[in-house]
Amino acid sequence: MKKNFFLFFVGTLFLSPLSAEAMFTDVPEVSSNYEAILYVQSRGLVQGYSDGSYQPNAKINRYDFTKIIISARFSEEDIFRCNTTEYFFSDVAQGQWFTPYICTAKKNGIISGFGDDTFRGEENVTMYEALKIIFETYEVDTSSYEKPEQEWYEKYIDDAKSTGLLVDASHEANDTITRGNMAELIFRQEVPINEKAMPKETPTAKEAPSHSEAESMNEVFRGLD
């Protein structure tokens, strides 16, 4: 059973001062990704490193990204109940910390791997891959952005631009994301800008923003580049 990601703490997160939350030593309040990183921390999706840092500029690989995004939407019960001998990739070893998360992602059609049946978990996640994984995880219908003979990622990019999930249009297919970008993408997907002022029980991420809202998004979320 998928988690209801608008839990009680989401409301308290935006009603309480951000500085009241425990924070990472390398993510000051002036950081462009501060609110997003605080959010994923409050969600229990990230814990940081032993030295108290978050390392927002570090790249994130496919193992870590999949683990975080699957944890955001599925319960531990569902994740660890996944049959890893049925849903697996040839290069994903059994019994590893990441195996149940990869299993859950494949079982639910979130990831399909490469043509040689590999997952390549140690490779860094690109922006386009991240958007696909997020849209598939949150079951976002991108069919309205499908066009004949388009690249596999184009419908995800177009959808992300229209909803404010992706503001910067300068990304290339092989551009990798950082841990700060990862937090920002999850934050934007789960808490659309109109939800911040008055959290609701269900998200409205698919509602296209008005021109004025889009400008506000550019200002508030200028950190995702």
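On a predicted model such as this, the values are computed, not experimentally measured, just so you know.

**So, the overall build of the chain**
- Helix and strand counts for the chain come out as 10 helices and 0 strands.
- Start at the N end of the chain and walk to the C end: the helices and strands fall as α-α-α-α-α-α-α-α-α-α.
- A total accessible area of about 11,400 Å² is found for the chain, and carbon and sulfur atoms account for 48% of it.

**Let's talk about the pattern of salt bridges**
- One pass over the full model with this rule turns up 9 salt bridges.
- The salt bridge partner of glutamate 129 is arginine 62, with a shortest N-O separation of 3.4 Å. Highlighted residues: glutamate 129 in helix 6 (residues 127–137) and arginine 62 in helix 3 (residues 62–73), separated in sequence by 67 residues.
- Of the charged contacts, one joins aspartate 117 and lysine 106 as a salt bridge, the two residues approaching to 3.8 Å between their closest N and O atoms. Placement of aspartate 117 in the loop between helix 5 (99–107) and helix 6 and of lysine 106 in helix 5 is noted, with a sequence separation of 11 residues between them.
- On the accessibility criterion, aspartate 117 (31% relative accessible area) is partly exposed.
- Taking the relative accessible area as the measure of exposure, lysine 106 reaches 26% and is therefore partly exposed.
- The network of salt bridges with shared partners includes Glu77, Asp78 and Arg81.

**A look at the packing of helix 2 (residues 34–42) against helix 8 (residues 179–190)**
- In contact at an axis separation of 8 Å, helix 2 and helix 8 are set at 80° when each is read in the N-to-C sense. On the basis of their axis angle, the class for helix 2 and helix 8 is roughly perpendicular. On the side of helix 2, the interface is formed by Glu35, Ala36, Ile37, Tyr39 and Val40, while helix 8 contributes Ala183, Glu184, Ile186, Phe187 and Glu190.
- A per-class count over the contact of helix 2 with helix 8 returns 7 nonpolar, no polar and 3 charged.

**A closer look at the packing of helix 6 against helix 8**
- Two elements in contact, helix 6 and helix 8, have axes whose closest approach is 11 Å; the angle formed by their N-to-C orientations is 35°. Crossing angle aside, the handedness with which helix 6 passes helix 8 is right-handed. Residues Met127, Ala130, Leu131, Ile134 and Phe135 of helix 6 form the contact with helix 8, whose own contacting residues are Leu185, Ile186 and Gln189.
- Broken down by class, the residue content of the contact of helix 6 with helix 8 amounts to 7 nonpolar, 1 polar and no charged.

**Overview of the environment of arginine 120**
- In this structure, arginine 120 sits in the loop between helix 5 and helix 6.
- Owing to a relative accessible area of 31%, arginine 120 belongs among the partly exposed residues under this scheme.
- Arginine 120 has contacts with Arg62, Asp91 and Phe114, leaving out every residue within four places of it along the chain.
- Within the structure, the side chain of arginine 120 is placed 3.4 Å from the side chain of aspartate 116, a separation counted as a polar contact.

**A closer look at unusual backbone geometry**
- The phi angle at glutamine 55 is positive, at roughly 60°, despite the residue not being glycine.
- The topology assignment puts glutamine 55 in the loop between helix 2 and helix 3.
- A relative accessible area of 32% places glutamine 55 in the partly exposed class.
- With phi around 60°, arginine 120 is a residue other than glycine that occupies positive phi space.

**Quick look at the environment of tyrosine 54**
- For tyrosine 54, the position within the fold is in the loop between helix 2 and helix 3.
- Between the C-alpha atoms of tyrosine 54 and valine 27, which are 27 residues apart in sequence, the distance is 7.1 Å.
- Contact partners of tyrosine 54, with chain neighbours within four places excluded, come to Phe24, Asp26, Val27, Ile37, Val46, Tyr49, Arg179, Gly180, Met182 and Ala183.

How each quantity is defined
- Residues numbered from 1 in each chain as written.
- Predicted model: local features only at pLDDT ≥ 70, side-chain atom pairs only at ≥ 80, totals over all residues.
- Heavy atoms only, no water.
- Helix = DSSP H or I, 4+ residues; strand = E, 2+ residues; numbered from the N terminus.
- Areas by Shrake-Rupley, 256 points an atom, 1.4 Å probe, with all protein chains shown as cover.
- Salt bridge = Lys/Arg side-chain N within 4 Å of Asp/Glu carboxyl O.
- Buried < 20%, exposed > 50% of the residue type's maximum accessible area, 1.4 Å probe, protein only.
- Axes fitted to C-alpha atoms, helices over the stretch in contact; angles between N-to-C directions.
- Parallel < 35°, antiparallel > 145°, perpendicular 65-115°, else oblique.
- Contact = heavy atoms within 4.5 Å.
- Nonpolar A, V, L, I, M, F, W, Y, C, P; charged D, E, K, R; others polar.
- Left-handed = near helix turned anticlockwise from the far one by under 90°.
- Polar contact = N/O pair within 3.5 Å; in protein donor to acceptor, adjacent residues only side chain to side chain.

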